[in-house]
Amino acid sequence: QVQLVESGGGLVQAGGSLRLSCAASGRTFRWYAMGWFRQAPGKEREIVAAITWSGGSTYYADSVKGRFTISRDNAKNTMYLQMNNLKPEDTAVYYCAGGTVVNLRAQNEYDYWGQGTQVTVSS
């Protein structure tokens, strides 16, 4: 069993930066692919970025390419999302997720989810 806890959300002006963290419990973290997802009010949850267990492969949604960077530190059981040049349309609740994922973009393949952290970008 893995528990995930997000942190680092908050209110930031457009153009600013935030760094989200996802702390995982359990020794199996290092074997799981991990991902960041977000859900804005009135919209479906969407993938933001994902990373394989080794960190050797990543995926980014087109809307965040060049602005966001996903990374992980398996020794610390922690995943990160560095978000730069934030835009008002990035406002959402951000969730981390993990699991024995084959397709990094497939939400239904992620077994474990955090409670989410709010990111609000003002214009």
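Above: the structure in question.
1. A closer look at the state of the cysteines
Move 1: For the structure shown, the criterion picks out 1 disulfide.
Move 2: In this model, C22 is linked to C96 through a disulfide, with the two sulfur atoms separated by 2.1 Å. Linking C22 and C96, the disulfide has an S-S dihedral of approximately 60 degrees and is accordingly described as right-handed. Separated by 74 residues along the polypeptide, C22 in strand β3 (residues 18-24) and C96 in strand β9 (residues 92-99) bring together distant segments of the chain.
Move 3: By relative accessible area, which is 0% here, C22 ends up buried.
Move 4: Residue classification places C96 among the buried positions, given a relative accessible area of 0%.

2. Observations concerning the pattern of salt bridges
It is possible for side chains of opposite charge to pair when their charged atoms get near one another.
Move 1: Considering all chains together, one arrives at 4 salt bridges under this definition.
Move 2: Measuring nitrogen to oxygen at the nearest pair gives 2.9 Å for the salt bridge that ties D90 to R38. Of the two residues, D90 is situated in the loop between β8 (78-83) and β9 and R38 in strand β4 (residues 33-39); the sequence distance between them amounts to 52 residues. Both residues of the pair, D90 and R38, belong to the buried class.
Move 3: With a closest N to O distance of 3.2 Å, D62 and K65 form a salt bridge.
Move 4: The class for D62 is exposed, based on a relative accessible area of 64%.
Move 5: When salt bridges that share partners are traced, they join R38, E46, R67 and D90 into one network.

3. Some thoughts on the sheet that holds strand β7 (residues 68-73)
Move 1: With respect to topology, 4 strands assemble into an open sheet ordered β1-β3-β8-β7, the strand pairing being antiparallel. The open sheet terminates on both sides in strands that have one partner only, identified here as β1 (4-7) and β7. The sheet shows a mean angle of 15 degrees between the axes of neighbouring strands, direction not considered.
Move 2: Alignment of β1 against β3, held across 4 bridges, turns out to be antiparallel. Across the sheet, S7 pairs through a bridge with S21, a residue of β3.

Reading guide: rules and limits
Residues numbered from 1 in each chain as written. Predicted model: local features only at pLDDT ≥ 70, side-chain atom pairs only at ≥ 80, totals over all residues. Heavy atoms only, no water. Disulfide = S-S within 2.5 Å. Helix = DSSP H or I, 4+ residues; strand = E, 2+ residues; numbered from the N terminus. Buried < 20%, exposed > 50% of the residue type's maximum accessible area, 1.4 Å probe, protein only. Salt bridge = Lys/Arg side-chain N within 4 Å of Asp/Glu carboxyl O. Pairing = 2+ DSSP bridges. Axes fitted to C-alpha atoms, helices over the stretch in contact; angles between N-to-C directions.

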